Amino acid sequence: MRKLLTVQDNEERTAYLGREYHDLQDRIRRARPGSENRKKLLTERDHVIGRALNAVPWNLIDVFGVEDLNGITRGKHGLGKNKEFRRKRLPWAHRSVLERLLAKAIENRVLLIAVYARGTSRECPNKVQPCGCASALNRKGEVFRCIACGYTADADRVGAHNIRSRTLAILALRRDWQREHPLGRSRGRPTLRAKDALLCTSAA
Ligand SMILES: [Zn+2]
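Residues numbered from 1 in each chain as written. Predicted model: local features only at pLDDT ≥ 70, side-chain atom pairs only at ≥ 80, totals over all residues.

### Some points on the overall build of the chain
For the record, the criterion: Elements are defined by DSSP. Helices are runs of H or I of four residues or more, strands are runs of E of two residues or more, and each kind is numbered from the N terminus. Three exposure classes are used. Buried residues have 20 or more other C-beta atoms within 10 Å of their own C-beta, exposed residues have 12 or fewer, and partly exposed residues fall in between, all C-beta atoms being placed from the backbone. Once C-beta atoms are placed from the backbone, any two residues with those atoms within 7 Å are in contact.
For the chain, the count of helices and strands is six helices and eight strands. Put simply, the chain runs from its N terminus to its C terminus through helices and strands in the order β-β-α-α-β-α-α-α-β-β-β-β-α-β. Among the 204 residues that make up the chain, the fraction classed as buried is 27%. Pairs at least 24 apart in sequence give 63% of the contacts found in the chain among residues at least 6 apart.

### Comments concerning the packing of helix α1 (residues 21-30) against helix α2 (residues 36-54)
Our working rule: Orientation is described by lines fitted to C-alpha atoms, with helices fitted over the stretch in contact, and by angles between N-to-C directions that extend from 0 to 180 degrees. Orientation is classified from the angle alone, with under 35 degrees giving roughly parallel, over 145 giving roughly antiparallel, 65 to 115 giving roughly perpendicular, and any other angle giving oblique. Crossing handedness: left-handed means the near helix sits turned counterclockwise from the far one by under a right angle, and right-handed means the same turn made clockwise.
Running from N to C, α1 and α2 point in directions that differ by 160°, and their axes come no closer than 10 Å. If you check the angle between α1 and α2, you find them roughly antiparallel. Here α1 runs over α2; the crossing is left-handed. Packed against α1, whose contacting residues are Y21, L24, R27 and I28, the element α2 presents R38, L41, L42, E44, R45 and V48 at the interface.

### Description of the sheet that holds strand β5 (residues 139-140)
Test applied: Any two strands with at least two DSSP-identified bridges between them are counted as paired.
A sheet is described by the order of its strands in space; here three strands give the open sequence β5-β6-β7, paired in antiparallel fashion. Of all the strands in the sheet, just β5 and β7 (152-154) have a single pairing partner and so form its edges. As judged from the three bridges shared by strand β6 (residues 143-145) and β7, these two strands associate in the antiparallel manner. Following the sheet pairing, V143 is matched in β7 by D154.

### Here we look at the nonpolar core
Note the threshold: The nonpolar core criterion groups buried Ala, Val, Leu, Ile, Met, Phe, Trp, Tyr and Cys residues into a set whenever they are joined through C-beta atoms within 7 Å.
Of all hydrophobic cores here, the largest spans 21 residues; its most connected members are L4, A52 and F64. Sorting the residues of this core by element identifies β1 (5-9), α2, β3 (63-67), α5 (95-107) and α6 (155-180) as the ones contributing at least two each.

### Structural notes on the pairing of β3
Within β3, five of the five residues are buried, which leaves the element mostly enclosed by the surrounding structure. Alternating positions in β3 separate into two faces, V63, G65 and E67 on one and F64 and V66 on the other, with burial throughout.

### Thoughts on the confidence of the model for the chain
Definition in use: Every residue gets a pLDDT, meaning the predictor's confidence in that residue, from 0 to 100.
Mean pLDDT over the chain: 80, with 75% of residues reaching 70 or higher. Per-residue pLDDT stays below 50 along residues 71-79; that stretch engages in 12 contacts with residues further than four places along the chain or on separate chains. Ignoring residues within four places in sequence, the model shows residues 192-196, a span with pLDDT below 50, making seven contacts including any to other chains.

### Quick word on α2
In an α-helix, one turn spans 3.6 residues; hence positions three or four apart end up facing the same way. Rules: To estimate the expected span of a helix, count its residues, drop one, and scale the result by 1.5 Å. The arc in question is formed by the directions pointing from the helix axis toward the C-beta atoms.
Compared with an ideal rise of 1.5 Å per residue, which puts 19 residues at 27 Å, α2 spans 27 Å between its outermost C-alpha atoms and is within 8% of the ideal. Turning to α2, its buried residues are R45, V48, I49 and A52. Each buried residue of α2 lies within a common arc of 95° when the element is viewed along its axis, so the set occupies one face. For α2, the exposed residues set more than 90 degrees away from the buried face come down to E36, K39, T43, H47 and N54.

### With respect to unusual backbone geometry
Residue E12 is not a glycine yet carries a positive backbone phi of 65°. Turning to its location among the elements, E12 is positioned in the loop between β1 and β2 (14-17). For R109, which is not a glycine, the phi torsion comes out positive at approximately 50°. Overall, the presence of 10 C-beta atoms within 10 Å leaves R109 in the exposed class.

As structure tokens, then:
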């Protein structure tokens, strides 16, 4: 199933938000430019984005990890990203999604961390049998199936999991940095609470 956002919290509970998004996107692509129908669909898409972002429990989280926004929005100059990749990513790059995600984070004093996006949907997250295989063959569309160990899961869930791991790694570095540079704390930067409620997301 295609969705706008896949989010995962620290207890690895996963939620898929904006399931209507991609169907709408297809209908918008087919609608005649300037038609009433297209305008209606665009408004509907705005509502879908709004509902998806509102479904994130902003008041309960301190940190929100996302795939590197610059990498995704770099568009036709994106390094190593072919045309197909860009076409697929375009809906997520939609300016209003990014703007509204940033606005939500600021409004709720949530720290937004962008992580390096490459390979997030390829790395095998198998913990029972630590694997680490990161072959491009691990992902086929919406299904992740590790060619080394056979671990199988929804590809976006795997993406969200890996973004969360990378976000945690950045947080750990940041904590070390704050410990070693106490001045950094007095500048009113958000301090991380112990519970570390964390949501990470992967855009489909
Ligand atoms: Zn594996």
